[in-house]
Amino acid sequence: ALSSPDKAKREEAVAKNAEYISKCAAFGVKNFFVVVQIADGDRELSESFDLAVQGYGELADVLKANEAWVVIEGYPGNGMPVCTPESYRIFLKECPARMAINYDPSHLIRQGIDPIRFLHEFAPNVQHIHAKDTEILHEALYEHGYEKPPVRAKTHGFGSTFWRYTIPGQGEMRWREAFSILEQAGYQGCVSIELEDENFNGSEEGEKEGLIRSAHYLAGC
C-alpha cells in the first residue's frame with residue numbers, strides 16, 4: 001500500500017508503518033526488511049516506481065528519529081521493481097528516507113548481473129546479507145534461453161530451467177572477494193544463511209545439513 005496510487009491508502013500505510021517502526025525500535029530493532037512491490041500492475045512501471053519512492057519517503061522522519069533503516073531485498077519477482085543496479089541507484093538517490101540494501105547475490109546472478117561489481121558500487125549501502133548462491137546451468141540455458149518457458153522440460157526446485165538457488169559455495173558467487181569488499185566498506189551487520197536449495201530443503205535432516213555446510217563454507221571465507 002505504500003506504493004498505492006490511492007493517496008488515502010498510502011497515507012494509511014505510512015501511519016501504520018510509522019507506528020510499527022516506533023514500537024519495534026523501542027526494543028532495539030534497527031533494520032526493517034521489505035520487498036518493494038508496486039500496487040497497480042496496469043500502470044506504467046516508471047509511474048508506479050515514483051509512487052513507491054513517494055510512499056517510502058514519507059517514513060523519513062520516523063526512521064531518522066529511531067536511527068533505523070528500511071532494508072530492500074532485491075527479489076526480481078513480478079511487480080517488484082527494485083532489484084537491479086539502475087533501480088537501486090534511483091531509489092536510494094530519490095527516496096528521502098533512510099533506505100539500504102539487503103545484499104543477496106543469488107538474485108543478481110540469476111538476472112545476469114555481476115554481484116561483485118554491484119558491491120563495488122553499493123557496499124556502503126548494505127545493511128544486511130543473505131548468504132545464498134545461484135548455479136547457472138549452461139546446457140539448459142542453451143536449450144531454453146532467458147525469455148521463454150520450456151515446452152516440456154521440468155524446472156528446478158527454487159529455480160527455473162537454467163538456474164537454481166544453492167547453498168553458498170555451490171554456485172557462481174565469489175564469496176571471499178565479496179567479504180573483502182564489505183570489510184573495506186566497514187560492514188558490521190549479519191550474514192544470514194537463507195536456505196533455498198532443492199538438494200537440501202524438504203526434510204529436517206537435509207535442511208540441517210545444508211545449514212551446517214553453509215556455515216562451514218562461509219567461515220572459511
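Residues numbered from 1 in each chain as written. Predicted model: local features only at pLDDT ≥ 70, side-chain atom pairs only at ≥ 80, totals over all residues. Heavy atoms only, no water.

Considerations on the overall build of the chain
The following threshold applies: Numbering of helices and strands starts at the N terminus; helices are DSSP runs of H or I of at least 4 residues and strands are runs of E of at least 2. As a reference, a globule follows 2.2 Å times the number of residues to the power 0.38, and the radius of gyration itself is taken over C-alpha atoms. With a 1.4 Å probe rolled over the protein chains alone, any residue whose accessible area is under 20% of its type maximum counts as buried; one over 50% counts as exposed, and the rest are partly exposed. Should any heavy atoms of two residues lie within 4.5 Å, those residues are considered in contact. Accessible surface area values rest on a Shrake-Rupley calculation with a 1.4 Å probe, where residue burial reflects the displayed protein chains alone. Residues scored as positive are Lys and Arg, those scored as negative are Asp and Glu, and His as well as the terminal groups of each chain are ignored. Think of each charge as sitting on NZ of Lys, CZ of Arg, CG of Asp or CD of Glu.
Scanning the chain for helices and strands turns up 9 helices and 7 strands. Against the 2.2 N^0.38 benchmark of 17 Å for 221 residues, the chain shows a C-alpha radius of gyration of 19 Å, consistent with a compact globule. Taking the principal axes of its C-alpha atoms as reference, the chain extends roughly 50 × 40 × 35 Å. Each of the 221 residues in the chain was classed as buried or not, and the buried ones make up 44%. Once local pairs closer than 6 in sequence are excluded, the contacts in the chain between residues at least 24 apart make up 76%. Here the chain displays about 12,300 Å² of accessible surface, and carbon together with sulfur accounts for 48% of that area. In the chain, 22 side chains carry a positive charge and 34 a negative one; their mean positions are 2 Å apart.

Here's the deal with the pairing of strand β4 (residues 126–131)
So the rule is basically this: We treat two strands as partners when DSSP finds at least two bridges between them.
Extensive coverage of β4 is indicated by the burial of 5 of its 6 residues. Here 3 bridges tie strand β3 (residues 99–103) to β4, and the two strands are oriented parallel to one another. Residue pairing for β4: tyrosine 103 is matched across the bridge by isoleucine 129. In this structure, β4 lies alongside strand β7 (residues 191–193), joined through 3 bridges in parallel fashion. Within the sheet, the bridge partner assigned to isoleucine 129 lies in β7 and is valine 191.

Some remarks on the sheet that holds strand β1 (residues 31–34)
Put simply, the test is: An axis is simply a line fitted to the C-alpha atoms; with a helix, the fit covers only the stretch in contact. Between two such axes, the angle follows the N-to-C directions and lies from 0 to 180 degrees.
Overall, parallel pairing links the 5 strands, which are arranged β1-β2-β3-β4-β7 in an open sheet. Each end of this open sheet is capped by a strand with a single partner; those strands are β1 and β7. Strand after strand, the sheet turns through a mean of 30 degrees between neighbouring axes, direction not considered.

Some points on helix α8 (residues 175–184)
To keep things clear, this is the line we draw: As used here, the arc is the angular range of directions from the helix axis to the C-beta atoms.
Of all the residues in α8, the buried ones are Trp175, Ala178, Phe179, Ile181 and Leu182. For α8, the buried positions fall inside an angular range of 160 degrees around the axis, keeping them on one side. Looking at α8, the residues exposed on the side facing more than 90 degrees away from the buried face are Arg176, Glu183 and Gln184. Trailing α8 by a residue or two, glycine 186 shows a phi angle of about 85 degrees, which is positive.

Brief notes about empty space enclosed by the protein
Threshold: The rule is simple: put a 1 Å grid over the protein atoms alone, call a set of points where a 1.4 Å probe fits but cannot get out a cavity, call an open set with protein on both sides within 12 Å along at least five of seven lines a pocket, and count a residue as lining if it has an atom within 4 Å of a point. Grid points are joined across faces, edges and corners, and a volume is the space filled by probe spheres set on the points. Classes in brief: Ala, Val, Leu, Ile, Met, Phe, Trp, Tyr, Cys and Pro nonpolar; Asp, Glu, Lys and Arg charged; the others, Gly included, polar.
For the coordinates displayed, the defined rule picks out 1 cavity of 30 Å³ or more. Volume-wise, the largest cavity comes out at about 60 Å³. Considering the residues around the largest cavity, the lining is formed by Gly74, Cys83, Tyr88, Asn102, Tyr103, Asp104, His107, Leu108 and Phe118. In terms of residue class, the lining of the largest cavity is built from 5 nonpolar, 3 polar and 1 charged.

Some points on the side chain of aspartate 104
Applied cut-off: Any pair of nitrogen or oxygen atoms within 3.5 Å is treated as a polar contact; in protein, a donor-acceptor pairing is required on top of that, and neighbouring residues in sequence qualify only through side-chain atoms on both sides.
Position of aspartate 104 among the secondary structure elements: in the loop between β3 and α5 (105–110). A distance of 2.5 Å separates the side chain of aspartate 104 from the side chain of serine 106, its partner in a polar contact. In this structure aspartate 104 touches Glu73, His130, Lys132 and Glu194, once residues within four positions along its chain are discounted.

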